[in-house]
Amino acid sequence: MKKIAGTLKLDQAQYRELEAFSKFGSDLDAATKAVLDKGVRNVEILKQPQYTPMPVEEQVAIIFCGTNGLIQKVPVDKVRNFETEYLFYLRQNHRALLDNLKAGKLLDEDIATMRRVAADLSGKYAK
């Protein structure tokens, strides 16, 4: 979890700061917009329904997508749908990957698989 979510806290701090700042300014540069877009999507992936905690390995897999910008093409209102479909696909087709994440292992082939699956699925949600 620490390897995956390493920059999440910093990313979210930047997002909150820029979010407050952006309310006063109308002209935002591309870098600022990118930070805001990433932050709002990360907020969405961090939400969990009450009394239904997500297994750690699934949290790691979806946070990986957020911190690496793999869901930037997914509209904010579709992030939940992407998350559900992404985790379902991993459960059905890549159980060993989730087992590795649960055991605290982060293998290069697992990273490649998460990137590939996210890219495939995010393409269908593209704006």
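Everything here concerns the structure above.
The text that follows walks through the structure, step by step, so that each part is easy to find. (Residues numbered from 1 in each chain as written. Predicted model: local features only at pLDDT ≥ 70, side-chain atom pairs only at ≥ 80, totals over all residues. Heavy atoms only, no water.)

### A few points about the pattern of salt bridges
Link 1 in the chain: A complete count under the given rule lists 8 salt bridges for this structure.
Link 2 in the chain: A salt bridge links Lys38 to Asp11; the shortest N-O distance between them is 3.2 Å. Linking Lys38 in helix α2 (residues 30-46) with Asp11 in helix α1 (residues 8-22), this pair joins segments that are 27 residues apart in sequence.
Link 3 in the chain: For Asp11, a relative accessible area of 13% translates into the label buried.
Link 4 in the chain: Here Asp99 makes a salt bridge to Arg95, at a shortest N to O gap of 3.5 Å. Residue Asp99 and its partner Arg95 are both found in helix α5 (residues 95-102); the two are separated by 4 residues, about one turn of the helix.
Link 5 in the chain: Through salt bridges that share partners, Glu57, Arg95 and Asp99 make up one connected network. (Salt bridge = Lys/Arg side-chain N within 4 Å of Asp/Glu carboxyl O. Helix = DSSP H or I, 4+ residues; strand = E, 2+ residues; numbered from the N terminus. Buried < 20%, exposed > 50% of the residue type's maximum accessible area, 1.4 Å probe, protein only.)

### Quick word on the side chain of Asn100
Link 1 in the chain: Looking at the secondary structure, you find Asn100 in helix α5.
Link 2 in the chain: Residue contacts for Asn100: discarding those within four places in its chain leaves Lys105, Leu107 and Asp110. (Contact = heavy atoms within 4.5 Å.)

### What about the environment of Leu28?
Link 1 in the chain: If you trace the backbone, Leu28 turns up in the loop between α1 and α2.
Link 2 in the chain: For the pair Leu28 and Leu18, spaced 10 residues apart in sequence, the C-alpha to C-alpha distance is 10.0 Å.
Link 3 in the chain: Filtering out sequence-adjacent residues up to four positions away, Leu28 remains in contact with Ser22, Lys33 and Leu36.

### Quick notes on the packing of α2 against helix α4 (residues 79-93)
Link 1 in the chain: Taken N-terminus to C-terminus, the directions of α2 and α4 make an angle of 55°; their axes are 9 Å apart at the nearest point. The angle between α2 and α4 falls in the class oblique. In this structure, α2 meets α4 at a crossing whose hand is right-handed. Contact with α2, carried on its side by Arg41, Glu44 and Ile45, involves Val79, Arg80 and Glu83 of α4 and no other residues of that element. (Axes fitted to C-alpha atoms, helices over the stretch in contact; angles between N-to-C directions. Parallel < 35°, antiparallel > 145°, perpendicular 65-115°, else oblique. Left-handed = near helix turned anticlockwise from the far one by under 90°.)

### Focus: the nonpolar core
Link 1 in the chain: Ranked by internal contacts, the top residues of the largest apolar core, which has 27 residues, are Ala61, Phe82 and Tyr86.
Link 2 in the chain: Elements with a minimum of two residues in this core: α3 (56-67), α4, α5 and α6 (108-125).
Link 3 in the chain: Of all the elements, α3 adds the most residues to this core, at 6 residues.
Link 4 in the chain: For Tyr86, the contacting residues outside a window of four places in its chain are Ala61, Ile62, Cys65, Met114, Val117, Ala118 and Leu121. (Core = buried A, V, L, I, M, F, W, Y, C linked by side-chain atoms within 4.5 Å.)

### Focus on the packing of aromatic side chains
Link 1 in the chain: As enumerated under the stated definition, the model contains 2 aromatic pairs in all.
Link 2 in the chain: Seen in terms of ring centroids, Phe82 and Tyr86 are 5.5 Å apart; in terms of plane orientation they differ by 20°. Their pairing is stacked. Here Tyr86 and Phe82 lie together in helix α4, a separation of 4 residues that amounts to about one turn. Across the pair, Tyr86 and Phe82 agree in class, each one buried.
Link 3 in the chain: Aromatic pair Phe82 and Tyr125: ring centres 6.2 Å apart, planes at 80°, arrangement edge-to-face. Here Phe82, found in helix α4, pairs with Tyr125, found in helix α6; they are 43 residues apart in sequence, far enough to count as distant. (Phe/Tyr/Trp six-rings, centres within 6.5 Å; stacked < 30°, edge-to-face > 60°.)

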